[in-house]
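A structural walkthrough
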Amino acid sequence: MLTDAETQTKQALQTLTDADARADAWGQLGMRYHGSHLAFEAETAYGRALTEAESARWRYLRAIARMERGELNLAIDDLRYAVAMDPGSMAAWYRLGVGLSIQG
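In this report, the structure presented in the accompanying data block is examined. (Residues numbered from 1 in each chain as written. Predicted model: local features only at pLDDT ≥ 70, side-chain atom pairs only at ≥ 80, totals over all residues. Heavy atoms only, no water.)

Some remarks on the pattern of salt bridges
- Summed over the entire model, instances satisfying the criterion amount to 8 salt bridges.
- Two residues, Arg 22 and Glu 52, come together in a salt bridge whose shortest N-O distance is 3.1 Å. Separated by 30 residues along the polypeptide, Arg 22 in helix H2 (residues 19-35) and Glu 52 in helix H3 (residues 39-52) bring together distant segments of the chain.
- A residue is classified by how much of its surface remains accessible, and Glu 52, at 24% relative accessible area, is partly exposed.
- Between Asp 78 and Arg 66 there is a salt bridge, and its shortest N-O distance comes to 3.1 Å. Highlighted residues: Asp 78 in helix H5 (residues 72-85) and Arg 66 in helix H4 (residues 56-68), separated in sequence by 12 residues.
- With a relative accessible area of 1%, Asp 78 lands in the buried category.
- Overall, Arg 66 belongs to the buried group, its relative accessible area being 11%.
- In the salt-bridge network here, residues are joined through shared partners; they are Glu 43, Glu 54, Arg 59, Arg 62, Arg 66, Arg 69, Glu 71 and Asp 78. (Salt bridge = Lys/Arg side-chain N within 4 Å of Asp/Glu carboxyl O. Helix = DSSP H or I, 4+ residues; strand = E, 2+ residues; numbered from the N terminus. Buried < 20%, exposed > 50% of the residue type's maximum accessible area, 1.4 Å probe, protein only.)

As structure tokens, this is what we get:
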């Protein structure tokens, strides 16, 4: 199932020229990885999405994957970007607060 998603994403990327659409393709793949508890692969796919187009959504989700992998400082950096881009994201604010609390 994940192999099919990877193949479909790579095929779609060959024809997608819009940066936001390319970012969305990578981000969707990241969510599939994340749903399968593959935090490293999810983090990598979200990172690829962010190289295509900056997004609070992909920053937030990459931060969660990074937190799951124990990369607290990197997660906090992503969450700071996410709340700067989308100040109304209560989930990002909450996770940022949790991360900062853990960090001390």
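A short note on the packing of H2 against H3
- Look at H2 against H3: their axes get within 8 Å of each other, and the N-to-C directions meet at 170°. One way to sum up the angle between H2 and H3 is to call them roughly antiparallel. For the pair H2 and H3, the contacting residues are Ala 19, Arg 22, Ala 23, Trp 26, Gly 27, Leu 29, Gly 30, Met 31, Tyr 33 and His 34 in the first and Glu 41, Ala 42, Ala 45, Tyr 46, Arg 48, Ala 49 and Glu 52 in the second.
- Its residues assigned to classes, the contact of H2 with H3 shows 10 nonpolar, 3 polar and 4 charged. (Axes fitted to C-alpha atoms, helices over the stretch in contact; angles between N-to-C directions. Parallel < 35°, antiparallel > 145°, perpendicular 65-115°, else oblique. Contact = heavy atoms within 4.5 Å. Nonpolar A, V, L, I, M, F, W, Y, C, P; charged D, E, K, R; others polar.)

Remarks on a nonpolar patch on the surface
- Together, Tyr 94, Val 98 and Ile 102 give the surface a local cluster of nonpolar side chains, amounting to about 330 Å² of exposed area.
- One can find Ile 102 in helix H6 (residues 90-103). (Patch = residues over 30% accessible without salt bridge, like charges linked within 9 Å, V, L, I, M, F, W, Y side chains within 5 Å. Areas by Shrake-Rupley, 256 points an atom, 1.4 Å probe, with all protein chains shown as cover.)

Quick notes on the side chain of His 34
- By the secondary structure assignment, His 34 is in helix H2.
- In this structure the side chain of His 34 is engaged in a polar contact, spanning 3.1 Å, whose partner is the side chain of Tyr 46.
- With near-sequence residues (within four places) excluded, His 34 lies in contact with Ala 42, Tyr 46, Leu 61, Ile 64, Ala 65 and Glu 68. (Polar contact = N/O pair within 3.5 Å; in protein donor to acceptor, adjacent residues only side chain to side chain.)

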